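Working through the structure, step by step
Read off the chains here:
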Amino acid sequence: MAILLLAPILSIYGNPGGWNYETICVLPLSFFYFLYYFFSEGNISGQKDPLPKGFIWYFMYWAMLFVITAFQLPLAMIQSYLAFFLFFSTFRREYFIKMYRAFAIICIVFFFMQEASFQLTGIRISGAISFLPKFGAKSMDEYMMLQAEAQRSSSFFSEPAHFAQFLVPLFAIEIFYNQNKHRILLALAIAATLLLLRSGNSLLGLITVLAFLLPYYLGKGSRHRGLTFFLVSVFILAVGYYYFNSEMGASLLERQGEMSMEYEGGSRSGFLRIWRGLFVYEDYSLMEKIIGCPNEAVQLGH
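Here the residue index of a chain counts from 1 through its sequence in written order. Reporting in this predicted model follows two pLDDT cut-offs: at least 70 for local features of residues, and 80 or more for side-chain atom pairs to be given and counted; totals over whole chains, interfaces and linings ignore these cut-offs and use all residues. As a rule here, side-chain values come from all non-hydrogen atoms in the structure, and water together with hydrogens is ignored.

Focus: the overall build of the chain
- Helix and strand labels come from DSSP, where a helix needs a run of H or I of at least four residues and a strand needs a run of E of at least two; each type is numbered from the N terminus. A count of helices and strands for the chain gives 14 helices and 0 strands.
- Listed by position from the N terminus, the elements making up the chain come as α-α-α-α-α-α-α-α-α-α-α-α-α-α.
- Exposure is judged per residue with a 1.4 Å probe applied to protein chains only, and the accessible area is read against the type maximum: over 50% gives exposed, under 20% gives buried, and values in between give partly exposed. Buried positions account for 33% of the 302 residues belonging to the chain.
- Look at the contacts in the chain between residues 6 or more apart in sequence, and 60% of them connect residues 24 or more apart.
- The accessible surface values rely on the Shrake-Rupley method and a 1.4 Å probe; as for residues, cover is taken only from the protein chains in view. Total accessible area on the chain is roughly 18800 Å²; 67% of this is exposed by carbon and sulfur atoms. In what follows, a contact means two residues having at least one pair of non-hydrogen atoms within 4.5 Å.

Below is the structure:
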């Protein structure tokens, strides 16, 4: 489970011309564990199947589409299936949450160190693990330079959106599942981090979780439900008003320009990416529009 939690960070590093460390670590481990589980249990169907009921049909559908459209073995599907198999067959809720929380705290502390460094020196501490080879087109030096000069911190992750996606599920866990009286401290730290990330993913995740917060507490049958609803609503509105009228909030709102065709950031324009996707989709045949098309066709369309 530790490797699966670290997968978003491990995927940054690896052999530039081969596999990243996420694949190198997860694929062999999940494959050999699958063999161990199969031979020790006798089969992997019915009650012995650790995956959620009906989950296997999703992977079979994925494999069928891959074979039909790409005429290749569905290696990506097999890798994903093995990773999910490893996760669900070794899943221990309390242990997983404890490990998840520990990783998150480390990442949050480093995130605030990056923010402090930027406020004091104008340069962010890079979260790159410099002694590991960088996976992808950019070299490690280029990647570290980009992180040092970035407008937003991202802790050990490659970009703020990825860090936000890592934190949002834990934010929900701390609010709705954790019964420890100190849970509010970590929840507030996560909320502050999500706001400071200034990412669309972080804001959407935060709003979604908070949208369920009021009905959740109102449904608990407290005698002070009305007062609780009022106080929490005022608090959320006050924080929201302050945030969007601050420099950080203004920075996030300015990113709405990415949804314009005239956005100066070129390929980073959200509108342009949507438009290009629709343009390519329009050229698909009817069958390709329904089941997809080979990756080569997508590259050709772009």
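Let's talk about the pattern of salt bridges
- We define a salt bridge as a side-chain nitrogen of Lys or Arg found within 4 Å of a carboxyl oxygen belonging to Asp or Glu. Per the stated rule, a full pass over the model turns up 2 salt bridges.
- For arginine 101, the salt bridge is made with glutamate 174, and the minimal N-O distance between the two is 2.8 Å. Of this pair, arginine 101 sits in helix α5 (residues 93–121) while glutamate 174 sits in helix α7 (residues 160–176); the two residues are 73 residues apart in sequence, bridging distant segments of the chain.
- The class of arginine 101 is partly exposed, set by a relative accessible area of 22%.
- Under the relative-accessibility criterion, glutamate 174 is labelled buried at 2%.
- In this structure, arginine 124 engages glutamate 115 in a salt bridge whose closest nitrogen and oxygen atoms are separated by 3.3 Å. The exposure classification of arginine 124 matches that of glutamate 115, with both residues buried.

Quick word on helix α2 (residues 21–41)
- Here α2 spans 30 Å end to end across 21 residues, near enough to the 30 Å set by a 1.5 Å rise per residue.
- For α2, the set of buried residues is Thr23, Val26, Ser30, Phe34 and Tyr37. The buried residues of α2 all sit within an arc of 90° when viewed along its axis, so they share a single face. Turned more than 90 degrees away from the buried face of α2 sit Phe32, Tyr36 and Phe39, all of them exposed.
- On its buried side, α2 packs onto α1 (2–10) and α4 (75–90).
- Structurally, the start of α2 carries an N-cap: the backbone nitrogen of glutamate 22 is 3.2 Å from a side-chain oxygen of asparagine 20.
- Glycine 42, located one to two residues past α2, shows a positive phi value of around 95°. What a helix should span is 1.5 Å times the count of its residues minus one. In this context, the arc is that of the directions from the helix axis out to the C-beta atoms. Two N or O atoms count as a polar contact when they lie within 3.5 Å, although within protein this holds only if one can serve as hydrogen donor and the other as acceptor, and sequence-adjacent residues are included solely when both atoms are side-chain atoms.

Structural notes on the side chain of lysine 134
- One can find lysine 134 in the loop between α5 and α6 (140–148).
- The convention is simple: Lys and Arg are positive, Asp and Glu are negative, and His and the chain ends are not counted. Within the buried set, lysine 134 has no salt-bridge partner at all; the shortest N-O distance to an opposite charge, 8.4 Å, is to glutamate 142.
- Among residues more than four places away in sequence, those in contact with lysine 134 are Ile12, Gly14, Pro16, Ser139, Met140 and Tyr143.

Quick notes on a nonpolar patch on the surface
- What makes a patch is a set of residues exposed beyond 30% relative accessible area and free of salt bridges, joined within 9 Å when like-charged and within 5 Å when nonpolar (Val, Leu, Ile, Met, Phe, Trp, Tyr). On the surface, Ile105, Val109, Met113 and Ile125 cluster together to form a nonpolar patch covering roughly 320 Å² of accessible area.
- Along the chain, the position of valine 109 falls in helix α5.

Overview of the confidence of the model for the chain
- Looking at the chain, pLDDT values average 78 and 75% of them are 70 or higher.
- Residue-level confidence of the predictor is summarised by pLDDT, bounded by 0 at the bottom and 100 at the top. Within the model, the stretch residues 297–302 combines pLDDT values under 50 with 5 contacts to residues more than four positions away or in other chains.

Some details on the packing of aromatic side chains
- For this analysis, a ring pair means two rings from Phe, Tyr or Trp (six-membered ring only for Trp) whose centres lie within 6.5 Å, classed as stacked if their planes differ by under 30 degrees, edge-to-face if by over 60, and tilted for the remaining angles. Summed over the entire model, instances satisfying the criterion amount to 27 aromatic pairs.
- Taking the centre distance of 5.3 Å and the plane angle of 70° together, the rings of tyrosine 58 and phenylalanine 59 count as edge-to-face.
- For phenylalanine 59, a relative accessible area of 1% translates into the label buried.
- Pairing phenylalanine 96 with tyrosine 100 gives two aromatic rings, centres 5.6 Å apart and planes at 50°, and the pair type is tilted.

What about the packing of α7 against helix α8 (residues 183–197)?
- Where α7 contacts α8, the axes come no closer than 9 Å and their chain directions differ by 155°. Looking at the two axes, α7 sits roughly antiparallel to α8. Crossing handedness for the pair α7 and α8: left-handed. The residues of α8 that touch α7, namely those facing Pro160, Phe163, Ala164, Leu167, Val168, Leu170, Phe171, Glu174 and Ile175, are Arg183, Leu186, Ala187, Ile190, Ala191, Thr193, Leu194 and Leu197. Every axis corresponds to a line fitted to the C-alpha atoms, with the helix fit spanning only the stretch in contact, and the corresponding angles, defined between N-to-C directions, vary from 0 to 180 degrees. Orientation labels follow simple angle bins: below 35 degrees gives roughly parallel, above 145 gives roughly antiparallel, 65 to 115 gives roughly perpendicular, and whatever is left gives oblique. Crossing chirality is assigned from the near helix's rotation relative to the far helix, an anticlockwise turn below a right angle marking it left-handed and a clockwise turn marking it right-handed.

Notes on the environment of methionine 140
- When you line up the elements, methionine 140 lands in helix α6.
- The exposure class of methionine 140 is buried, given its relative accessible area of 11%.
- Spatially, the C-alpha atoms of methionine 140 and isoleucine 129 are 8.9 Å apart, while their sequence positions differ by 11 residues.

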